[in-house]
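Architecture and fold: a report
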Amino acid sequence: QCSGRVEVFYGQSWGTICDDGWDLVEAEVVCRQLGCGKALLATHGAYFRQGSGPIWLDDLSCKGTEAALSQCTATPWGRHNCEHGEDAGVVCTDETLILGCFLSSATLKTKERFAELLPVRLVNGSSNCSGRVEVFHKEQWGTVCDDSWDLTDAEVVCRQLGCG
């Protein structure tokens, strides 16, 4: 599950990243942020199929040392010269850590705005869409306290992981 089309969450919607300028440097940051090891491949041309909805980011630029995409720069949210045929993706070395349905938990700081969504995973469940909820924060995975946890919270996690 550590390979796929990279999507970011912004303005209550998931959207894709254009592959203009997309290379192993940016892919390495995604893999690092998601706890998926090293980047093996930065894919172009909607290698993992075209996304739908908005194309949120274009001209993404990372130095390679960032812990998360939120430390990289890009054009302002939603401004691009791309089509979904240019959606970016990654293949990372570690196939065991992320149990979500696809890579979609990355967030990004643009030159104008900042949004953050913590990566989420489910562990010790009977499928990719069940298990204990954990979030990735400050370079480590941790559990979520169940105080005031309810169905509304569970539905948000399910949507974030693409599990319905």
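Sequence order as written defines the numbering, with residues in each chain counted from 1. In view of the model being predicted, local features appear only for residues whose pLDDT reaches at least 70, and side-chain atom pairs are presented and counted only at 80 or more, with totals across whole chains, interfaces and linings using the full set of residues. Remark: hydrogens and water are excluded; side-chain values derive from all non-hydrogen atoms of the structure.

With an unreviewed UniProt entry as reference, the chain is termed DMBT1 protein, source organism Upupa epops.

Another aspect to go through is the overall build of the chain. Only DSSP runs of H or I with at least four residues qualify as helices, and only runs of E with at least two residues qualify as strands; both kinds are numbered from the N terminus onward. Of regular secondary structure, the chain possesses two helices and nine strands. In the chain, the order of α-helices and β-strands from amino to carboxyl end is β-β-β-α-β-β-β-β-β-β-α. At a minimum sequence separation of 6, the contacts of the chain that also span at least 24 residues come to 70%. Surface accessibility of the chain: about 8300 Å² in total, with carbon and sulfur atoms responsible for 50%. Two residues form a contact once any of their heavy atoms are found within 4.5 Å. Here the accessible surface of atoms and residues is derived via Shrake-Rupley with a 1.4 Å probe, and residues count as covered only by protein chains that are part of the display.

Glycine aside, the phi torsion of most residues is negative, and most peptide linkages are trans. Not every positive phi belongs to a glycine, and Asp59 is a case in point at roughly 55 degrees. Inspection of the secondary structure puts Asp59 in the loop between strand 5 (55-57) and strand 6 (89-92). With a relative accessible area of 40%, Asp59 lands in the partly exposed category. One non-glycine residue, Asn124, adopts positive backbone phi at about 60 degrees. Position of Asn124 among the secondary structure elements: in the loop between strand 7 (120-123) and strand 8 (132-137). On the basis of relative accessible area, Asn124 is assigned to the exposed category, the value being 68%. Here's how the labels work: a residue is buried when its accessible area is under 20% of the maximum for its type, exposed when over 50%, partly exposed in between, all with a 1.4 Å probe on protein chains only.

Here the focus is the nonpolar core. Throughout, nonpolar core names a set of buried Ala, Val, Leu, Ile, Met, Phe, Trp, Tyr and Cys residues whose side chains join them through atoms within 4.5 Å. Core analysis: the largest hydrophobic core is formed by 25 residues, its most contacted members being Ile17, Trp22, Val30, Leu57, Leu60, Leu69 and Val90. For this core, the secondary structure elements donating two or more residues are strand 2 (7-10), helix 1 (24-33), strand 4 (39-43), strand 5 and strand 6. Per element, the largest residue contribution to this core is four residues, and it comes from helix 1. Discounting chain neighbours no more than four positions away, the residues touching Trp22 are Val6, Ile17, Ala27, Val30, Ala42, Thr43, His44, Leu60, Ala88, Gly89 and Val90.

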